[in-house]
Amino acid sequence: GICNLCVDVDKIGSDVDFIYLEILAVNPKYRKKGIATMLAKEFEKVELKKNNKMWVCVASAVGTEKIMDKLGWEHVNSIQTADYKFEGGRPFQSLTYEIKGYRKMNPNYKQENKTE
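Below, the structure is looked at part by part. (Residues numbered from 1 in each chain as written. Predicted model: local features only at pLDDT ≥ 70, side-chain atom pairs only at ≥ 80, totals over all residues. Heavy atoms only, no water.)

This part is about the sheet that holds strand β4 (residues 98-105). Hydrogen bonds between backbone groups are what pair the strands of a sheet, and the pairing can be parallel or antiparallel. An order of β1-β2-β4-β3 is seen for the 4 strands of this open sheet, with the pairing classed as mixed. Each edge of the open sheet is held by one strand with a lone partner, namely β1 (18-21) and β3 (74-80). Averaged over all pairs of adjacent strands, the angle between strand axes in this sheet comes to 20°, irrespective of strand direction. Relative to β4, β3 is paired through 6 bridges, and the arrangement is antiparallel. Looking at the pairing, H75 lines up with Y102 of β4. Contacts from helix α4 (residues 62-70) reach β1, β2 (54-59) and β4 within the one sheet, and its direction differs from that of β4 by about 25°. (Pairing = 2+ DSSP bridges. Helix = DSSP H or I, 4+ residues; strand = E, 2+ residues; numbered from the N terminus. Axes fitted to C-alpha atoms, helices over the stretch in contact; angles between N-to-C directions. Contact = heavy atoms within 4.5 Å.)

Below, the structure is given as structure tokens:
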């Protein structure tokens, strides 16, 4: 889908363990209070304990982009929603959003040695 395209899942490779930060959202009346940043930091804290090599996120809002940049996530790709094609059509052609894909390597990742 559009998220996989945005983070270049094909370039990551099927042999890489990664996890999505799927949704980062805060009720509008509670925005601008650092809650989304706190949630993203908590995601990182939890995921540091797991052995996924990479974390990926798709930012469809400027606020999420700012958070990912602030937390050191690497911007890897951008797509315009209007340009996205799916099954011969353009389901988002009336939208004018730029969606950005981000990734961050897990600094605690340890490659497991597989012996046969």
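It is worth spelling out the packing of helix α3 (residues 35-48) against α4 at this point. α4 packs onto α3 with a crossing angle of 50° between their chain directions and a minimal axis gap of 10 Å. On the basis of their axis angle, the class for α3 and α4 is oblique. Regarding α3 and α4, the two cross each other, and that crossing is right-handed. In this structure, α3 uses A36, T37 and A40 to contact α4, whose residues at the interface are I67, M68 and K70. Of the residues belonging to the contact of α3 with α4, the class tally is 4 nonpolar, 1 polar and 1 charged. (Parallel < 35°, antiparallel > 145°, perpendicular 65-115°, else oblique. Left-handed = near helix turned anticlockwise from the far one by under 90°. Nonpolar A, V, L, I, M, F, W, Y, C, P; charged D, E, K, R; others polar.)

Residues L21, L24, A40, I67, M68 and W73 are the most contacted members of the largest nonpolar core, which totals 14 residues. At the level of elements, α3, β2 and α4 are the ones that each hand at least two residues to this core. In this structure, W73 is in contact with L21, F43, E44, W55, V56, C57, M68, Y102, R103 and K104, ignoring residues within four places of it in sequence. Counting 9 residues, the second-largest nonpolar core is a separate cluster that includes V16, M54, V56 and V58. (Core = buried A, V, L, I, M, F, W, Y, C linked by side-chain atoms within 4.5 Å. Buried < 20%, exposed > 50% of the residue type's maximum accessible area, 1.4 Å probe, protein only.)

Turning our eyes to something else, we now look at the layout of surface pockets. Its volume calculated, the largest pocket comes out at about 720 Å³. Lining the largest pocket are 27 residues, with L24, A61, G63, T64 and I67 positioned closest to its centre. Those elements giving two or more residues to the lining of the largest pocket turn out to be α1 (2-6), β1, α3, β2 and α4. In terms of residues, the lining of the largest pocket owes the most to one element, α4, which gives 6 residues. Of the residues contributing to the lining of the largest pocket, the split by class is 16 nonpolar, 5 polar and 6 charged. (1 Å grid on protein atoms, 1.4 Å probe; cavity = no way out; pocket = protein on both sides within 12 Å on 5 of 7 lines; lining within 4 Å. Points joined across faces, edges and corners; volume = space filled by probe spheres on them.)

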